[in-house]
Amino acid sequence: MSEIIQKNYDENQIQVLEGLEAVRKRPGMYIGSTGPRGLHHLVYEIVDNAIDEALAGHCDEISVTINGDNSITVIDNGRGIPIGMHPKMGVPAVEVVFTMLHSGGKFGGEGYKVSGGLHGVGAAVVNALSEYLEVEVYDGKNIHRQRYERGKSVTSLTVVGETSQKGTKVTFKPDYQIFETLDFDYEILLARMREQAFLNAGIHITIEDKRAEAETKTHLHYEGGIRSFVEYINRNKEALHSEVIYVSGEKDGAMAEIAMQYNDGYAENIVSFCNNIHTTEGGTHETGFKTALTRVINDYARKMGFLKENDKNLMGEDVREGLTVIVSVKVLEAQFEGQTKTKLGNSEVRGLVESTVSEKLHAFFEENPTIAKIVVDKAMTASRAREAAKRAREMTRRKSALENTTLPGKLADCTDRNPENTEIYIVEGDSAGGSAKQGRDRSFQAILALWGKMLNVEKARLDKVYGNDKLMPVITSLGTGIAEDFDITKLRYGKVIIMADADVDGAHIRTLLLTFFFRFMRPLIENGHVYIAQPPLYKVEKGKIEKYAYNDEQLSQITAELGSGVKIQRYKGLGEMNPSQLWETTMNPETRTILKVKMEDAVAADEIFTILMGDKVEPRREFIESNAKYVSNLDI
Ligand code: 1YM
């Protein structure tokens, strides 16, 4: 009798060895790679079995340790892998689990198994690729231990002690003959364990690195589950509503839960899971979510009158701007598709997620109108920005027509063609343009005068740049093109100097130009090509002495110097200076002051522009009254 059993055991053993030999021959087929990714994958396979035990409701504590020799120990407090004889194989079930491929997952186990990975053979694959693996099963009475080397058992399952605990402990060391590196990355494992702790609310996971000099140990436990996950992802962002929106539903044994929160950023962040497996390629659950979200927000916005009859519907990308969402589903028979088998294919899941979000999110909005309003506002802003961007794109398509345009008639060009030497003054006002033209050094200074009536800033949308008689000459003069077609190598002048009066109209034109550069020629600012000219505010005369003051402080200094009998003239505009005065005070590189525009200045101008264009009258009036200053950085 014992002989027969022994014989069967041997036969099984042969079959097993062949099986695991296949894993060692082609490890990539089972774990993807033998690089760091594959290495870390081994840990996930073992932990997944413990997580499954938690999902089945038998385990709430898991610990993961990176040992000093780069081996890994995983312990759980579940039922323990069964140790009874396997009826067909004639060896303990635990040995089948670690030594047989296609052992078909769990025997008779039910529930939401991690069927996406290695279909229940994860433990055997890890064993095959380990220099050694030791499993201990605690059954509440005894400690049972078995050791394997490169997939082969080197001891039989033996009682090695007593215990009152229940659970499973697995220690394994990845095989240096297989892996390119054995160096586990604590942060990578930590991130994965944190994800699992979020997805399995209430579970305690401890992760420890014993290689580190200082003790490195993290305890992960989130009662809030995927709500906490969303808060975690948004932790460094400005949330638009403090409460995370959470909905869940169930149908025919499948479950879906969704947690979401908007932040003030623009990125959309959808993270989805099926049976705790990160579905990086998306799938039916994500599709269902997106469809429902767009519909619910549009319906609500219409119903509440935020969207008027003639307004277009908000698009998917509008309602997802600044959204962080976790979509987690549990299904009995998950079908994974796609390049990396991380795309969920189950069609019934789409319907489940869609109906759950449709019904419950709608109800949530009805009950939380303040949050609903925030969400709709965010989406409507995104929609407007998208429309503006679209118009901007359309306009760049007309660019080729532009490139061929001859230089504008209002440009008085310089003779030097080397941008390293040249500069262009963009001047507002007819008379100032005339003085600048006469006063300049025509060898390296070009003048572009912006004529015509002062732009009505409220009506001027930058996305209508092509119809803008102030901006068109600027584009053609600089030669770079705009937006996606912007090419700094085509810049015709090294310095682009905005010269405008120190009054409201001057502030308008500066704001317009800076905003335009910021939105459509950003590298121009980033590379430090844009400057603001600083004309003097006062002329101080005494006899034959003429001095200029650029601010009030200088004025009092000069008047103090010159003593009594000085004549002070306040310049209201550039046009009040004759060509030689303009050259001397504002254009001569030896004596002038120009301010280099920094990105912060352009950002501020862009904000001001938005205020000037916006519907709110009060901020606009405030701006015009205070005549905001943008420039801070003294260049020369
Ligand atoms: C540290 C790794 O593997 N825990 C673990 C594994 C199993 C069970 C419990 C378990 C499952 C079932 C019944 C069942 C596994 N059992 C099997 C198999 N921790 C770790 N904890 N009883 C115990 O699914 O029905 C495979 S894994 F196949 F033997 F049942």
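Each value, and the rule that gives it
Residues numbered from 1 in each chain as written. Predicted model: local features only at pLDDT ≥ 70, side-chain atom pairs only at ≥ 80, totals over all residues. Heavy atoms only, no water. Pairing = 2+ DSSP bridges. Helix = DSSP H or I, 4+ residues; strand = E, 2+ residues; numbered from the N terminus. Axes fitted to C-alpha atoms, helices over the stretch in contact; angles between N-to-C directions. Parallel < 35°, antiparallel > 145°, perpendicular 65-115°, else oblique. Left-handed = near helix turned anticlockwise from the far one by under 90°. Contact = heavy atoms within 4.5 Å. Nonpolar A, V, L, I, M, F, W, Y, C, P; charged D, E, K, R; others polar. Core = buried A, V, L, I, M, F, W, Y, C linked by side-chain atoms within 4.5 Å. Buried < 20%, exposed > 50% of the residue type's maximum accessible area, 1.4 Å probe, protein only.

J.: How should the sheet that holds strand E10 (residues 245-251) be read in this particular structure?
T.: The pairing of strands in a sheet comes from backbone hydrogen bonds and takes either a parallel or an antiparallel form. The sheet built from five strands is open, its strands ordered E10-E11-E14-E12-E13 with mixed pairing. Strands at the two margins of the open sheet, each flanked by one partner only, are E10 and strand E13 (277-278). Relative to strand E14 (residues 323-330), strand E11 (residues 254-262) runs antiparallel, the two sharing eight bridges. Considered in E14, the bridge of Ala256 is made with Val329.

J.: Sorry, what's going on with the packing of helix H14 (residues 471-478) against helix H15 (residues 504-520) here?
T.: Pairs of packed helices are described in terms of their axes, by the angle between the two and the distance that separates them. H15 packs onto H14 with a crossing angle of 50° between their chain directions and a minimal axis gap of 12 Å. Judged by the inter-axis angle, H14 sits oblique to H15. The chirality of how H14 crosses H15 is right-handed. Across the interface between the two elements, Leu471, Val474, Ile475 and Leu478 of H14 pack against Leu512, Leu513, Phe516 and Phe517 of H15. Residues that form the contact of H14 with H15 fall into these classes: eight nonpolar, no polar and no charged.

J.: Got a minute to help me understand the nonpolar core in this structure?
T.: Generally speaking, soluble globular proteins have nonpolar side chains that are buried together. The biggest cluster of nonpolar side chains holds 62 residues, and the ones touching the most others in it are Val43, Ile62, Ile72, Phe98 and Phe172. Per-element accounting of this core gives the leading share, nine residues, to helix H3 (residues 36-55). In this structure, Phe98 is in contact with Leu20, Ile46, Ile81, Ala123, Ala124, Asn127, Leu133, Val135, Tyr148 and Val170, ignoring residues within four places of it in sequence.

J.: I would appreciate a short explanation of the sheet that holds strand E23 (residues 545-549) in the present structure.
T.: Taking strand neighbours across the sheet as the criterion, the three strands line up as E23-E22-E24 in an open arrangement whose pairing is antiparallel. Lying at the two open borders of the sheet, with one neighbouring strand each, are E23 and strand E24 (567-570). For this sheet, the mean angle separating the axes of adjacent strands, direction not counted, is 20°. Both strand E22 (residues 538-542) and E23 contribute to a ladder of five bridges, which runs antiparallel. In the sheet register, Glu541 faces E23, and the bridge partner there is Glu546. Its contacts with the sheet place helix H17 (residues 552-562) against E22, E23 and E24, and it is angled at close to 155° to E23.

So, to be careful, I would describe these as geometric facts and stop short of saying anything about function.
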